[in-house]
Amino acid sequence: MKELVNKLKGDRVIWSFVALLALFSFMPVFSASSNLAYIGHGTGNTLGYLVKHLAHICIGFLIIYWVHRVPYHYFRAISKIALPIVWFLLLYTLLKGTVIAGANASRWIQVPFIGITFQTSTLASIVLFIFVARYLSKKKEENEPFQVSFLQLWVPVFITLALILPANFSTTALIFAMVMMLTFIGKYPLKYIGFIIGSGIAMLAFFLLVAKAFPESRFFSRVSTWESRITNFTTDKPDEDDYQIEKAKIAIASGRLGGLGPGKSVQKNFLPQSSSDFIYAIVVEEYGLVGGVSILVLYLLLLFRFVIASHKATTLFGKLVVVGLGFPMIFQAMINMAVAVELLPVTGQTLPLISSGGSSIWMTCFSLGIIISVTKKDEEIAEEREEKERRKEALQRLIDKELAEEDLPADGIYEEEGMMYSIEDNSRNPMNAVLNK
């Protein structure tokens, strides 16, 4: 175990916070999966869900380990190549999305031969953030006109968002906000940022108008859901989302200060998404205000560590990558918690590293691996220098040892059985040195 820990590079504090969140997730997932177990096979046995979550977490940490060993600047070139691939996956998801439990879930695709579902928008967000960081770091010293930057930066951004929007408004809004933050940090001109924000709002309004004109189209089937959620959030009209929020608030109120205890949640039997979207409510019910605040503090400390990692990064690309991949993770967690206490309407955002689910955990771990790769850059350079010096010294010692063992005269004169001869060739015939012997 000690050897394995020593092989982990990068910011050890980030490693620690990630491990703590992952370890804490097991008990809430194990407890909150009971309703899924009853619905799935009627026994209430959640052991299978716990083993499944364990497998997801283990694979996630393997992803972090593999990715953090890759120099982060490699992803700079990969993002440009991967973006068209992501567009194809998003379009395929939009057209052939998997239906889950009879609901329209066109944000998911099923991986062939494996049977697992995968949310392509999470991969798209990672690729897009790296692409934006690449462009901003590349164009820092160049004063390009807005028309050029619009074609090279904003057209790919809007294409990606347009392919995500019909199925997932909350993810689209979160990605757009994070891209705006990246461009602000990357010192993109403020007047252009304002124009892009206005253009984004105009495009969203146009999308809603088209959705109103064609309400029966499957591409606009989620618009009515968004409207109802916003309407019900601002009014007292009851619906399915209000039912979930009501049960979540009952769970939070039942937890009080110390909670009911691990596995003793009552509302997990009534919350439809108790192990994913509303797992924070189950955490507070079982572990009380202490547990809920502890989770919040862990995410805030992780955010603070991301700020430090961004500040310490030696390149602008590294700084923007840490911000672009780290901050959305924390904001997603805040959105999930805010939904549970009805500060925001229902969005469907999971709690990173705690909610159950394979693709969400793996994409979060992929982002963390890249962030840790940025943090290990300085220590890698130092280790490479030390390794280079050690190899140089070892090679010099080996050469000195070989020379000492040979014990040969420097002028090429050999002595054998009282005879002295030279192997130096002073004639035109290279065999004379042997024949004259």
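Our structure is the block above this text.
These figures come from a predicted structure and were not determined experimentally.

1. Quick notes on the side chain of T183
- On the secondary structure map, T183 appears in helix α8 (residues 169–185).
- Overall, T183 belongs to the buried group, its relative accessible area being 0%.
- Residues contacting T183, with those up to four places away along its chain left out, are V132, L136, W154, Y188 and I193.

2. A closer look at a nonpolar patch on the surface
- A cluster of nonpolar side chains, namely L257, L289, V290, V293, V297 and L301, defines an oily patch on the protein surface of about 500 Å² accessible area.
- Along the chain, V293 turns up in helix α12 (residues 279–312).

3. Concerning the nonpolar core
- In this structure, W154, V179, Y299 and F306 are the most contacted members of the largest nonpolar core, which totals 89 residues.
- Setting aside anything within four residues of it in sequence, one finds F306 in contact with I14, V322, G326, F327, M329, I330, L368 and I371.
- Of all hydrophobic cores here, the second largest spans 10 residues; its members include I245, A248, V339 and V346.

4. Description of the pattern of salt bridges
- In this structure the tally under the stated criterion is two salt bridges.
- Linking D11 and R305 is a salt bridge whose minimum nitrogen-to-oxygen distance equals 2.8 Å. One end of the pair, D11, is in the loop between α1 (2–6) and α2 (12–32); the other, R305, is in helix α12, with 294 residues separating them in the sequence.
- On the basis of relative accessible area, D11 is assigned to the buried category, the value being 11%.
- Close ionic contact of E342 with K249 constitutes a salt bridge, the shortest N to O distance being 2.7 Å. Of this pair, E342 sits in the loop between α13 (316–340) and α14 (358–375) while K249 sits in helix α11 (residues 240–255); the two residues are 93 residues apart in sequence, bridging distant segments of the chain.
- On the basis of relative accessibility, which here comes to 39%, the residue K249 falls in the partly exposed class.

5. Points about the packing of helix α6 (residues 120–138) against α8
- Viewed as axis vectors pointing N to C, α6 and α8 meet at an angle of 15°, and their least axial separation amounts to 10 Å. The pairing of α6 with α8 is recorded here as roughly parallel in orientation. Two packed elements cross with a definite hand, and for α6 against α8 that hand is right-handed. Residue-level inspection shows S121, S125, L128, F129, V132 and L136 of α6 in contact with α8, the latter providing T171, I175, M178, V179, L182 and T183.
- Across the contact of α6 with α8, the residue classes break down as eight nonpolar, four polar and no charged.

6. Describing the packing of helix α9 (residues 190–213) against helix α10 (residues 223–234)
- Across the interface, α9 lies against α10 with an axial gap of 10 Å and an inter-helix angle of 110°. Put simply, α9 runs roughly perpendicular to α10. Across the interface between the two elements, F207, L208, A211 and K212 from α9 touch V223, W226 and E227 from α10.
- When grouped by side-chain class, the residues that make up the contact of α9 with α10 number five nonpolar, no polar and two charged.

7. What to know about the environment of A162
- Of note, A162 is situated in helix α7 (residues 146–164).
- Residue class for A162 comes out partly exposed when judged on its relative accessible area of 48%.
- For the pair A162 and W87, spaced 75 residues apart in sequence, the C-alpha separation works out to 9.9 Å.

About the thresholds
- Residues numbered from 1 in each chain as written.
- Predicted model: local features only at pLDDT ≥ 70, side-chain atom pairs only at ≥ 80, totals over all residues.
- Heavy atoms only, no water.
- Helix = DSSP H or I, 4+ residues; strand = E, 2+ residues; numbered from the N terminus.
- Buried < 20%, exposed > 50% of the residue type's maximum accessible area, 1.4 Å probe, protein only.
- Contact = heavy atoms within 4.5 Å.
- Patch = residues over 30% accessible without salt bridge, like charges linked within 9 Å, V, L, I, M, F, W, Y side chains within 5 Å.
- Areas by Shrake-Rupley, 256 points an atom, 1.4 Å probe, with all protein chains shown as cover.
- Salt bridge = Lys/Arg side-chain N within 4 Å of Asp/Glu carboxyl O.
- Core = buried A, V, L, I, M, F, W, Y, C linked by side-chain atoms within 4.5 Å.
- Axes fitted to C-alpha atoms, helices over the stretch in contact; angles between N-to-C directions.
- Parallel < 35°, antiparallel > 145°, perpendicular 65-115°, else oblique.
- Left-handed = near helix turned anticlockwise from the far one by under 90°.
- Nonpolar A, V, L, I, M, F, W, Y, C, P; charged D, E, K, R; others polar.

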